[in-house]
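Spelled out from the first residue to the last, the chains are:
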Amino acid sequence: MLAALASADAVTWISILVKTLAYAATLVAAGSVLVWLALRELSADGRASLLRMAVVAALAAAVLSVLRVPLRASFLMGGTFDGAVDPMMLGIVFDSPLGTSVTVRLIGLALILAIVLPLRGARWIALTGALMACASFALRGHALGEPRLLLGALVTAHIVGLAFWLGAFAPMSRAARTEAPPIAAALVHEFGTKALWVVSALVAAGAVTLVLLGAADPAALTTPYGQAFLVKLALFAGVLGLAALNKVRLTPALQSAATGAAQRLRRSIAAESVLILAILATTAALTTVTSLPSEQARVAPQQPKTVQAVAHASGDFPWLS
Amino acid sequence: MKRELFSVLSAAALFLAADPLLAHSDKQGTTPVHGAQLTETPEMIHMVFDDPMRITMVRLVNADGDEMPIERGAGLEPSLEFHAEPQSLLPGSYTVEWRGLASDGHAMQGSFSFELTD
């Protein structure tokens, strides 16, 4: 992958950046709604702040997601500006799974904005939007394999869990900074308890996905993809380590109002955020320079007849995508 | 603690399972094959895919990066095969660069090279 990145053109780099930010903004927008609904220990100020976060993230996600269409068209035409504005190429991209995914995501993001409306059912409209935004990740790549419905449900469930996780970072960090230690500690403790259930609920999904995709092939780790995957795995191990630190050490310290506990927790959350952003960026890079057939061809024996096996059981599944 | 350990291991498994690229098992063979040494201009540049691919851009460049004229034998429709016909080439190194859209929405790119000798 490094070789492909080294030779990547400007449009490819911009695509990776935009894709990373679109992933992050969409997950934060959806996650803010989920956290707003799920965490009872949020203070009134915390709730108001979270609503603003949801709106800003949803608007940013919409712009970034739309931008991906002309960027994809440009990439397909060799990284030219002409490609980005070519009606035929834009049409091809819009008709592709990316176009479907972006459309569903935009509808979901629009529904998320309903969370600020003074309507009785606004929260449920926003929840529907959050779920649609998460489901948009399942409309390409992995989830297009068979059994499609099951894979789509697994991918969506996974993204919902991830969104909840990411969505909680800002309110927890804010609480640690501005709220009294007992209030902040109650929020962080509630998140820790529910996050554990969220991760546990994903166990079955992960196991079934693993089996369905047959992805646990050690031989894959010898490929550029596999090596890049190991980088992601190392980053993810760091995230889990910090999450464990938060739960086992920092939350009890905050509960006992230990000196500097809030600051340590905020630093840990910031580090977690950076690691997850790095994971998203790595994923965006992997799924953007999916070029690697040629790279692998150079280390693999050539077929006498031309064959390119592009196993499309994969996709823009950010996170772990 | 056991439950936490279980969750951590499960999350790691999920991470492994959800990685899209692990599921890729890309191989490429082309005509000419990558690294081929030819004594005359290939009659055809040919690629075969195991899943329909919409080739959106293909070009043949020499060692200086100059683009050589080729005639596409296929349109933009998704296809398992792509072929193009190059015009007569002088001795030297050439690279075929292509980009395309896979049926699952992935944008793909690739390249392969060959050398033409006297």
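Residues numbered from 1 in each chain as written. Chains lettered and ligands numbered in written order. Predicted model: local features only at pLDDT ≥ 70, side-chain atom pairs only at ≥ 80, totals over all residues.

## Re the overall build of chain A
Helix and strand content of chain A: 12 helices and 0 strands. Counted from the first residue to the last, chain A has its helices and strands arranged as α-α-α-α-α-α-α-α-α-α-α-α. Burial status across chain A gives 53% buried among its 321 residues. Of the contacts formed within chain A by residues at least 6 apart in sequence, a portion of 74% connects residues at least 24 apart. (Helix = DSSP H or I, 4+ residues; strand = E, 2+ residues; numbered from the N terminus. Buried ≥ 20, exposed ≤ 12 C-beta atoms within 10 Å, placed from the backbone. Contact = placed C-beta atoms within 7 Å.)

## Thoughts on the overall build of chain B
For chain B, the helix and strand inventory stands at 1 helix and 8 strands. Shown N-terminal to C-terminal, the secondary structure of chain B runs as helices and strands in the order α-β-β-β-β-β-β-β-β. Per-residue burial for chain B yields a buried fraction of 40% across its 118 residues.

## Observations concerning the nonpolar core
Residues and elements named next belong to chain A. Formed by 82 residues in total, the largest nonpolar core has its most connected members in Ala29, Ala30, Val33, Ala54, Ile112 and Ala163. Contributions of two or more residues to this core are made by helix 2 (10-38), helix 3 (44-76), helix 6 (97-112), helix 7 (122-135), helix 8 (148-178), helix 9 (181-213), helix 10 (224-255) and helix 11 (261-288). Take this core: its biggest share by element is 16 residues, from helix 8. Setting aside residues no more than four positions away along its own chain, Ala30 makes contact with Ile112, Ala130, Ala133, Cys134 and Ala163. (Core = buried A, V, L, I, M, F, W, Y, C linked by C-beta atoms within 7 Å.)

## Quick look at the pairing of strand 8 (residues 107-116) of chain B
Residue and element names in this part refer to chain B. The buried fraction of strand 8 amounts to 7 of the 10 residues, a majority that puts the element mostly inside the structure. With 3 bridges connecting them, strand 2 (residues 36-38) and strand 8 associate as parallel partners. Within strand 8, the residue paired with Ala36 across the bridge is Phe114. Across 10 bridges, the pairing between strand 7 (residues 92-102) and strand 8 is antiparallel. Opposite Arg99, over in strand 8, you have Gln109 as the bridge partner. (Pairing = 2+ DSSP bridges.)

## Description of the confidence of the model for chain A
Should the pLDDT be low somewhere, the predicted coordinates at that spot are not to be read in detail. Confidence along chain A averages 82 in pLDDT terms, with 80% of residues attaining 70 or more. Note that pLDDT drops below 50 for residues 291-321 of chain A; the model gives that stretch 124 contacts with residues more than four away or on any other chain. (pLDDT = per-residue confidence, 0-100.)

## What about the UniProt feature "transmembrane region" (unreviewed entry) in chain A?
When the UniProt feature table is mapped onto this chain, "transmembrane region" (unreviewed entry) is found at residues 20-39, 51-71, 98-117, 124-143, 149-170, 195-216, 228-248 and 269-289 of chain A. Strand forms 0% of residues 98-117 of chain A and helix 75%; the C-alpha atoms that close the span are 30 Å apart. (UniProt positions renumbered as here; feature names shortened; annotations may be inferred.)

## Observations concerning helix 6 of chain A
Counted at 1.5 Å a residue, the expected span for helix 6 of chain A with its 16 residues is 22 Å, and the 22 Å between its end C-alpha atoms agrees. Along helix 6 of chain A, the residues that are buried comprise Pro97, Leu98, Gly99, Ser101, Val102, Arg105, Gly108, Leu109, Leu111 and Ile112 of chain A. (Expected span 1.5 Å × (residues − 1).)

## Side note on the environment of Ser88 of chain B
With respect to the secondary-structure elements, Ser88 of chain B resides in the loop between strand 6 (79-86) and strand 7. As for Ser88 of chain B and Glu43 of chain B, which are separated by 45 residues in sequence, their C-alpha atoms are 9.0 Å apart.

## Here we look at the packing of helix 2 of chain A against helix 7 of chain A
Residues and elements named next belong to chain A. Helix 7 packs onto helix 2 with a crossing angle of 140° between their chain directions and a minimal axis gap of 9 Å. Considering their axes alone, helix 2 and helix 7 lie oblique with respect to each other. Where helix 2 crosses over helix 7, the handedness of that crossing is left-handed. On helix 7, the residues touching Thr26, Ala29, Ala30, Val33, Leu34 and Leu37 of helix 2 are Arg123, Ala126, Leu127, Ala130, Ala133 and Cys134. Taken together, the residues of the contact of helix 2 with helix 7 sort by class into 10 nonpolar, 1 polar and 1 charged. (Axes fitted to C-alpha atoms, helices over the stretch in contact; angles between N-to-C directions. Parallel < 35°, antiparallel > 145°, perpendicular 65-115°, else oblique. Left-handed = near helix turned anticlockwise from the far one by under 90°. Nonpolar A, V, L, I, M, F, W, Y, C, P; charged D, E, K, R; others polar.)

## Concerning the pairing of strand 7 of chain B
Regular strands place their side chains on alternate faces of the sheet. Residue and element names in this part refer to chain B. Pairing of strand 3 (residues 45-62) with strand 7, which is carried by 9 bridges, proceeds in the antiparallel orientation. Bridging across to strand 7, Asn62 finds its partner in Tyr94. Taking the residues that link successive antiparallel strands as the turn, the strand 7-strand 8 hairpin has 4 residues, and the phi of Gly105 there is positive, at about 95°.

## Observations regarding the packing of helix 2 of chain A against helix 11 of chain A
Residues and elements named next belong to chain A. Taken N-terminus to C-terminus, the directions of helix 2 and helix 11 make an angle of 135°; their axes are 8 Å apart at the nearest point. By the angle class used here, helix 2 and helix 11 are oblique. For the pair helix 2 and helix 11, the sense of crossing is right-handed. On helix 11, the residues that touch Thr12, Ser15, Ile16, Lys19, Thr20, Tyr23 and Ala24 of helix 2 are Leu277, Leu280, Ala281, Ala284, Ala285 and Thr288.

## Here's the deal with the environment of Glu97 of chain B
Residues and elements named next belong to chain B. Here Glu97 lies in strand 7. Assessed through the 18 C-beta atoms surrounding it within 10 Å, Glu97 is described here as partly exposed. When the C-alpha atoms of Glu97 and Phe112 are compared, they prove to be 6.9 Å apart, with 15 residues separating the residues in sequence. With residues up to four places along the chain from it excluded, the contact list for Glu97 reads Arg59, Val61 and Ser111.

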